[in-house]
Amino acid sequence: MLSTYFRFVFFGVIVGGLVLSCSGYQQQQNGLELEKEIGDTLVGQESEKQQQVVREDTLTVVAVGDMMLGTDFPSKNYLPPADNPDALLAPVVEYIRSADVAFGNLEGAFLDGGNPAKSCKDLSHCYLFRMPTRYAGALQRAGFDLLSLANNHVGDFGSPAQRRTCILLDSLGIRHAGLLTHPTDTLTVRGVKIGFCAFAPNSGTCALNDYTLLRSTVQRLKSQCDIVIASCHMGAEGASHTHVTKKKEIFLGENRGNVYEIARVLIDAGADLVLGHGPHVTRAIDMYKERFIVYSMGNFCTYGRFSLSGGSGLAPLLELKILRDGRFVGGRVIATHQISPGGTLLDEKRSVVGEMRRLMAHDLPETPL
């Protein structure tokens, strides 16, 4: 199992022998002296009582990228085998269910029937997603708590699909955010109230590039909640856009934002965790003011209509440990991949780890991680 390769470590992430330490966190604050045992675990010399305090004072957040469990448009041939969406997530459910909070980006909406809201001359080259409503329960059974609806496919079948999706997720107890009709949500876990918001540069969603909106949304949630999680559909798409440029990214004429700047605007306003998705490839991870940032988590669980070749088929499952005041203190990476037509598989080659390491060294050599 992948858990033999990636062990959780406090105050750092060890990824297949690569230790990512959180230099922004002062270990002396808890009187901790840490020893490294390279290759498996990071062992603390702190007392048993101190260890218990750390365990009780942290939440585990699992975060993954794009999910689209199969579409019956333009053909039912794009649905998973045996009409079974649960099988697509089966190899990783143990990690999702074990988290205090599990997040993913729902790339599309649920609707039975209905017409596209976008014109489409050639259906073979028309990427519009319509997941059957019976598939929504698979996300609950897998253990998801928070879903972003702020993306460029949530409007494929217009407001009827958006309304139906919100009703379904509410009935399943899954919190969601990002639509103008439902911009934020909250969740209380182990006595900690979590505020959730989501943004995208697309019609009907909370505007990604409106920094005034970003700040006011986060500030309002922070005034009511202990921790704020911000989800962003941001950055240009595809294999040629894996890098964090620290500049505004334009893709197909659309302003996909300056992802580096947006993350800092959100954290300066009070966000404790920034979860990026949208480029359909994995990007670097980062930390700012002791808060964790991931700029893109790639295609995590998709079926039928996604390119999964090369880096587009790699994705991390991030298991993050954060204190109850929002500070990131450690975690682990579970490497996954997809083989066309899709469905999440554990990757014993850990290919996405090498990609993340390469991108961090190139794009963010100054990161505290």
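Residues numbered from 1 in each chain as written. Predicted model: local features only at pLDDT ≥ 70, side-chain atom pairs only at ≥ 80, totals over all residues. Heavy atoms only, no water.

## Observations regarding the overall build of the protein
(1) Moving on: When helices and strands are tallied, the protein shows eight helices and 23 strands.
(2) Moving on: Within the protein, buried positions represent 58% of all 369 residues.
(3) Moving on: Residue pairs in contact within the protein that sit at least 24 positions apart in sequence constitute 69% of those at least 6 positions apart.
(4) Moving on: Approximately 14,200 Å² of the protein is accessible, and the part contributed by carbon and sulfur atoms is 49%. (Helix = DSSP H or I, 4+ residues; strand = E, 2+ residues; numbered from the N terminus. Buried < 20%, exposed > 50% of the residue type's maximum accessible area, 1.4 Å probe, protein only. Contact = heavy atoms within 4.5 Å. Areas by Shrake-Rupley, 256 points an atom, 1.4 Å probe, with all protein chains shown as cover.)

## Points about the packing of helix α6 (residues 211-224) against helix α7 (residues 259-269)
(1) Moving on: It is the contact of α6 with α7, at a shortest axis distance of 8 Å, that shows an interaxial angle of 35°. By crossing handedness, the relation of α6 to α7 is classed as right-handed. Contacts between α6 and α7 involve Y211, L214, R215, V218 and Q219 from the former and E261, I262, V265, L266 and A269 from the latter.
(2) Moving on: Classifying every residue of the contact of α6 with α7 gives seven nonpolar, one polar and two charged. (Axes fitted to C-alpha atoms, helices over the stretch in contact; angles between N-to-C directions. Left-handed = near helix turned anticlockwise from the far one by under 90°. Nonpolar A, V, L, I, M, F, W, Y, C, P; charged D, E, K, R; others polar.)

## A look at the layout of surface pockets
(1) Moving on: Estimated volume of the largest pocket: approximately 410 Å³.
(2) Moving on: Lining the largest pocket we find 18 residues, and of these Y127, N152, H153, E237 and H280 sit closest to its centre.
(3) Moving on: Tallied by class, the residues present in the lining of the largest pocket amount to six nonpolar, eight polar and four charged. (1 Å grid on protein atoms, 1.4 Å probe; cavity = no way out; pocket = protein on both sides within 12 Å on 5 of 7 lines; lining within 4 Å. Points joined across faces, edges and corners; volume = space filled by probe spheres on them.)

## Section: the environment of G278
(1) Moving on: Following the sequence through the fold, G278 ends up in the loop between β17 (273-277) and β18 (285-288).
(2) Moving on: Under the relative-accessibility criterion, G278 is labelled buried at 1%.
(3) Moving on: Sequence-wise, G278 and N105 are 173 residues apart; in three dimensions their C-alpha atoms are separated by 8.8 Å.
(4) Moving on: In contact with G278, other than residues within four places in its own chain, are D66, H233, M234, E237 and S296.

## What about the sheet that holds β18?
(1) Moving on: Spatially, β12-β13-β14-β17-β19-β18 is the arrangement adopted by the six strands of the open sheet, whose pairing is mixed. Strands with a single pairing partner mark the edges of an open sheet, and in this sheet they are β12 (184-189) and β18. Taking the axes of each pair of neighbouring strands and ignoring which way they run, one obtains an average angle of 20° across the sheet.
(2) Moving on: Bridge count for β17 against strand β19 (residues 291-294) is three bridges, and the pairing is parallel. In the sheet register, V274 faces β19, and the bridge partner there is I293.
(3) Moving on: Packing against the sheet, α6 makes contact with β12, β13 (192-199) and β14 (227-233), and its axis sits at approximately 165° to β13.
(4) Moving on: Against the sheet, α7 contacts β13, β14, β17, β18 and β19, and its axis sits at roughly 40° relative to β18. (Pairing = 2+ DSSP bridges.)

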